[in-house]
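For reference, the chains in residue letters:
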Amino acid sequence: MIKVDLHIHSNCSDGSDSVEELAEKIKNAHIDIFALTDHDTVDGCKIMGEKFKAGFIKGVELTCLAGDIKCHILGYGIDDENEGLKELIKKGKILRRQKLETRIKYLKDVWNFEFTKEELDWLYSRKSVVKTHLANILVKRGLAENNIAAMEKYLNGCKTGNTRFSGEEAIKTIHDAGGVAVWAHPLGGEGERHLGREEFIPKLEKMLKYGIQGLECYYSRYNQEEIRFLVECATKYDLNVTGGSDYHGTNKDIPLAKLNVEGLPVSFELLKLDVKL
């Protein structure tokens, strides 16, 4: 049984582990094939590639709006030096900075919460700032028990407007960078309501028009019924089948290489990812 995890985050985005720490944990967990898929950045791929001669797939997770569908698109086997991808990521950093400023103002205006200079310096120094980073600070200040509770109470009401990539643009950029575009946790991600069959199929048909090439069928928050349904869809439409934990270190309660709710092992042979290892 080959151990695999194709959805992992470092602190280059919203994970808690540095790339170096993550590499050691992957080795200690005896994971044979894995992908680093940080949100809207590929900064960790070069470092990770230097630590693994085999089994490492360069990846990225792009935050998108495909028509009316809010989604995350995983790019696998990408050329992290591709100029088009670099330009998209540069654009994403500007969008994320706008979102950060909106959230800082919201916390001050609505909750009378102000960050210290040290906290702001830390936030602005990061390559990719997401809601989790702000929530962790709120937890440290004793305003919530955990980051999920902090986001629900203090941040989810903040309207930031559309700061997502166009789904069509993101998928095309992944293709142009030599990668395979896969819809991450397509039935719903962490803390989201999962879509049923009747809701999902029309969305999938839209995503196919945008050029999606695969579905993340095996996912740490999905049960066996949901996995079977997604595999059926992937088979019907001749799509890649992938699986990932969505590991974020201490920022999410998900262990490495957990690809389903039951924690059952998944052979890499069950996954159909068309990338070179």
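In the block above lies the structure referred to throughout.
Here's a quick rundown of the structure. (Residues numbered from 1 in each chain as written. Predicted model: local features only at pLDDT ≥ 70, side-chain atom pairs only at ≥ 80, totals over all residues. Heavy atoms only, no water.)

1. Some thoughts on the pairing of strand S3 (residues 56-66)
- Where burial is concerned, most of S3 is hidden: 9 out of the 11 residues are buried.
- Both strand S2 (residues 33-36) and S3 contribute to a ladder of 3 bridges, which runs parallel. Bridging across to S3, Phe34 finds its partner in Phe56.
- Strand direction decides the pairing type here: S3 and strand S4 (residues 69-76), joined by 8 bridges, are antiparallel. Bridged to Val60 within S4 is Gly75.
- From the end of S3 to the start of S4, which pair antiparallel, there are 2 residues, and Gly67 there has a positive phi angle of about 65°. (Buried < 20%, exposed > 50% of the residue type's maximum accessible area, 1.4 Å probe, protein only. Helix = DSSP H or I, 4+ residues; strand = E, 2+ residues; numbered from the N terminus. Pairing = 2+ DSSP bridges.)

2. A look at the environment of Tyr247
- Among the secondary structure elements, Tyr247 is positioned in the segment after strand S8 (240-244).
- Owing to a relative accessible area of 7%, Tyr247 belongs among the buried residues under this scheme.
- Between the C-alpha atoms of Tyr247 and Leu6, which are 241 residues apart in sequence, the distance is 9.7 Å.
- Residues in contact with Tyr247, not counting those within four places in the same chain, are His7, Ile8, His9, Asp17, Leu22, Lys25, Ile254, Pro255 and Leu256.
- For Tyr247, the side chain forms a polar contact with the side chain of Lys25, separated by 3.4 Å. (Contact = heavy atoms within 4.5 Å. Polar contact = N/O pair within 3.5 Å; in protein donor to acceptor, adjacent residues only side chain to side chain.)

3. Some details on the packing of aromatic side chains
- In total, this model carries 7 aromatic pairs according to the counting rule given.
- Between the aromatic rings of Phe34 and Phe56, the centroid separation amounts to 5.2 Å while the plane-to-plane angle is 35°, which identifies the pairing as tilted. Placement of the pair is Phe34 in strand S2 and Phe56 in strand S3, with a sequence separation of 22 residues.
- A network of ring pairs unites the aromatic residues Phe34, Phe52 and Phe56 as a single cluster.
- Between Lys27 and the ring centre of Phe52, over which it is positioned, the NZ or CZ distance is 5.3 Å. (Phe/Tyr/Trp six-rings, centres within 6.5 Å; stacked < 30°, edge-to-face > 60°. Lys NZ or Arg CZ within 6 Å of the ring centre and 35° of its normal.)

The values are spatial; any link to function lies outside them.
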